[in-house]
Number of protein chains: 2
Amino acid sequence: MCGICGCGEDHEHHHHDEQMIQVEQDIFAKNNQYAKQNEIFFEKKGITAINVMSSPGSGKTTLLAKTIADNHLNRPISVIVADQQTDYDAQQFKASGAKVKQINTGKVCHLDAHMLGHAVEALHVENNALLFVENIGNLVCPALFDLGEAYKVVILSVTEGDNKPLKYPYMFRTADLLLITKMDLLPYVPFDLEQCVKNAKAINPTIKVIAVSATSGKGLENWYHWLSKK
Amino acid sequence: MCGICGCGEDHEHHHHDEQMIQVEQDIFAKNNQYAKQNEIFFEKKGITAINVMSSPGSGKTTLLAKTIADNHLNRPISVIVADQQTDYDAQQFKASGAKVKQINTGKVCHLDAHMLGHAVEALHVENNALLFVENIGNLVCPALFDLGEAYKVVILSVTEGDNKPLKYPYMFRTADLLLITKMDLLPYVPFDLEQCVKNAKAINPTIKVIAVSATSGKGLENWYHWLSKK
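Residues numbered from 1 in each chain as written. Chains lettered and ligands numbered in written order. Predicted model: local features only at pLDDT ≥ 70, side-chain atom pairs only at ≥ 80, totals over all residues. Heavy atoms only, no water.

Engineer: Explain the environment of I68 of chain A residue by residue, including any values.
Structural biologist: All names here are of chain A. Looking at where I68 falls in the secondary structure, it is placed in helix 2 (residues 60-70). Exposure remark for I68: the relative accessible area of 7% places this residue in the buried category. Separated by 154 residues in sequence, I68 and N222 have C-alpha atoms that sit 15 Å apart. Those residues in contact with I68 that lie beyond four places of it in its chain are I77, V79, F93, S96, G97 and A98. (Helix = DSSP H or I, 4+ residues; strand = E, 2+ residues; numbered from the N terminus. Buried < 20%, exposed > 50% of the residue type's maximum accessible area, 1.4 Å probe, protein only. Contact = heavy atoms within 4.5 Å.)

Engineer: How would you sum up the environment of Q92 of chain A? Please name residues and give values.
Structural biologist: All names here are of chain A. Mapped onto the elements of the fold, Q92 is located in helix 3 (residues 88-96). Separated by 54 residues in the primary sequence, Q92 and N38 place their C-alpha atoms 26 Å from one another. Look past the residues within four positions of Q92 in its chain and what remains in contact with it is T61, T62 and A65.

Engineer: An account of the state of the cysteines is requested, with residue identities and associated values reported.
Structural biologist: Residues and elements named next belong to chain A. The full count for this structure, using the stated rule, is zero disulfides over all chains. The thiol of C109 is unpaired, and the distance to the nearest cysteine sulfur, on C141, comes to 3.5 Å. On the accessibility criterion, C109 (14% relative accessible area) is buried. (Disulfide = S-S within 2.5 Å.)

Engineer: Tell me about helix 7 (residues 193-203) of chain A, and please be specific about residues and values.
Structural biologist: Residue and element names in this part refer to chain A. Taken residue by residue, helix 7 has C196, N199, A200 and I203 as its buried positions. Projected down its long axis, helix 7 carries its buried residues within an arc of 95 degrees, all on one side. Opposite the buried face of helix 7, at more than 90 degrees from it, the exposed residues are E194, K198 and A202. In the core, the buried residues of helix 7 are packed alongside strand 5 (151-157), helix 5 (164-167), helix 6 (169-174) and strand 6 (177-181). Sitting at the amino-terminal end of helix 7 is D192, which places a side-chain oxygen 3.1 Å from the backbone nitrogen of E194. (Arc of directions from axis to C-beta. Polar contact = N/O pair within 3.5 Å; in protein donor to acceptor, adjacent residues only side chain to side chain.)

Engineer: How would you sum up the pattern of salt bridges? Please name residues and give values.
Structural biologist: Summed over all chains, the structure comprises 12 salt bridges over all chains. For D146 of chain A, the salt bridge is made with K152 of chain A, and the minimal N-O distance between the two is 2.5 Å. Accessibility expressed as a relative area gives 7% for K152 of chain A, which makes it buried. Across the salt bridge formed by K152 of chain B and E149 of chain B, the nearest N and O atoms sit 3.1 Å from each other. No difference in accessibility class separates K152 of chain B from E149 of chain B, as the two residues are buried. Here the residues in one salt-bridge network are D83 and D89 of chain A together with K167 of chain B, joined through shared partners. (Salt bridge = Lys/Arg side-chain N within 4 Å of Asp/Glu carboxyl O.)

Engineer: So what's going on with the packing of helix 2 (residues 60-70) of chain B against helix 8 (residues 220-228) of chain B? Which residues, and what values?
Structural biologist: All names here are of chain B. Between helix 2 and helix 8, the shortest axis-to-axis distance is 12 Å and the interhelical angle comes to 75 degrees. In this view, helix 2 runs roughly perpendicular relative to helix 8, as classed from their interaxial angle. Together, L63, L64, K66, T67 and D70 of helix 2 and L220, W223, Y224 and L227 of helix 8 make up the contact between the two elements. Classifying every residue of the contact of helix 2 with helix 8 gives six nonpolar, one polar and two charged. (Axes fitted to C-alpha atoms, helices over the stretch in contact; angles between N-to-C directions. Parallel < 35°, antiparallel > 145°, perpendicular 65-115°, else oblique. Nonpolar A, V, L, I, M, F, W, Y, C, P; charged D, E, K, R; others polar.)

Engineer: Tell me about the sheet that holds strand 4 (residues 130-137) of chain B, residues and numbers included.
Structural biologist: All names here are of chain B. If you walk across this open sheet you meet the seven strands as 3-2-4-1-5-6-7, and the pairing is parallel. Every interior strand has two partners, whereas the edge strands, strand 3 (99-104) and strand 7 (208-211), have only one. Taken over all neighbouring pairs, the strand axes of this sheet differ in orientation by 20 degrees on average, direction set aside. Pairing between strand 5 (residues 151-157) and strand 6 (residues 177-181): five bridges, direction parallel. Opposite S157, over in strand 6, you have T181 as the bridge partner. (Pairing = 2+ DSSP bridges.)

Engineer: Before we move on, could you go through the sheet that holds strand 3 (residues 99-104) of chain A and cite the residues and values that matter?
Structural biologist: All names here are of chain A. Pairing in this open sheet of seven strands is parallel, and the strands run 3-2-4-1-5-6-7 from one edge to the other. Looking along the sheet, the strands with just one partner apiece sit at the ends: strand 3 and strand 7 (208-211). Across the sheet, the axes of successive neighbouring strands diverge by a mean angle of 20 degrees, strand direction being ignored. Here helix 3 sits on the sheet and contacts strand 2 (77-83), strand 3 and strand 4 (130-137); the angle it forms with strand 3, its principal contact strand, is near 175 degrees.

Engineer: Hey, could you go over unusual backbone geometry for me, with residue numbers and the actual values?
Structural biologist: Glycine aside, a negative phi is what most residues show, and trans is what most peptide bonds show. Residue and element names in this part refer to chain A. With a phi close to 55 degrees, N74 is a non-glycine residue in the positive phi region. Looking at the secondary structure, you find N74 in the loop between helix 2 and strand 2. A positive phi angle, near 60 degrees, is found at K182, a position not held by glycine. Take K182: it is sitting in the loop between strand 6 and helix 7. Overall, K182 belongs to the buried group, its relative accessible area being 15%.

This is the structure:
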C-alpha cells in the first residue's frame, strides 16, 4: 500500500516512502519526548495548557481575546499564538491584557512540542497560569502533534458546515472539547447544530460540545464554566 | 537555524532536521517529476486542469457544483475531489452531472501530483475537458505541491477575514486567481473587501480577484468569463 497516495499499488517510489515513514516516526517520537518534558514542566508550575486548533478564520483569536478581556477566571492568562506570518494575533491579545508570544512558523503547518517549549521559556509563563496555545489555522496537521497540553479544543464556526467532523476525523477524535463559534451567523447559513453534534460524537463519543458567539456573548458562560473547572 | 522551530539556536535535533530536509527535497523533486508528466498528458489531451484550494468550509464544493450545474462552458467537466475521509463531495458533484472521482487521503494533508495522475487515469477524463481538482481543505500544505495543473485558484470566504492573505502568504503567492466567496454574508461579518484585495496584491501583485456568491449568484458571470478564456 502506497503511503503517499493510498492507491494500494506497488510503485517505484516505495523505497522513498519507507524512508519518509521512518523519518515521520522519528519526528513523532522526538515530538513526544518534548511533549513529555512540557507536561512535566506545566505540572510542576501548576500551568494549565490548552491547545486551541481550527481552520483559518474560525474565530480562535476573537474568542480568546474576548475570554481574556472578560477576565472571569481569577488566574493569570498567557497566550502563545502561531501563524505562518504576521503578528496581528499577538497584537490583538496584547490589547486584551495577556502575556503573549507570537511564533511564526513560515512554511511549517503546525506547532510541535519543541517550538512550544521554547516559547514557554521565552514568555516566562507564571505559576498557576492558564496558557492558551493558539495553533496554526489548519484542521489537518496540528491534530497529529501532542504538545504536552492538558486539553485540546477544536473550534468550528457555523459557516464551515456541519459535516466537518466526518471529513476531518483526526482532529475531532483527538479533541476534548468542540467549541462551535459564530452562532450569531446561524440564521444565514445552512448549518444543522444537532447534526454537527451527532457527527462529532460519531467520531469521538466523549467529546464535549459548547456553542458560542463571541460577538453576541451567547454561550460564553458555558465556555468559562468549562475553563473554570480545568 | 533550526528548521523545525526557527529558533536560531543549535539544538540536538539538528541531524534529525537535516535528514528531514533531505527527505523533503526528495519528495518535492519526485512530485515535480509527476507534475511534469501530468502537465504533458493534459496538454496532449487538451485538458485544462484547475487546482482549487482553500480552508475547510470556504465553499469550494458548493461553488464548483453550481458551476457545473449552470453549464455555461460548452465543454465536458470532470472533478477530482480530495478529503481526508467521506465521499460527500463526490456525491454532490455527481448530482450536478459531472464525471467525478473522490480521493481519500487519510492523514495526508494535501494532494500530490502522483495521486492526481492515478485519479486522472482512473476517471478517464475526456479530451478537451475542464478538470477541477478540489484539494483538501487546508490553506497551508497544498500550496507547496504543484500538480501539473494549468491554473491554481485559492478560495477565501468573507467569514474568514480579510487578513488571511498576509497570514498564509505561500498559498496566495502561488495562486493565479483569488475567488472571494459567500459575498451574501458580507453584511453580517467584519470583512473589508478592498483591504482583502490590497492584502492579496501585496503578497502577489499579479493575482486576479473575483468576488462571488454561489447562493445569490452574484458575480458568477465573472468567474464563468474567467473560466471561458482558459
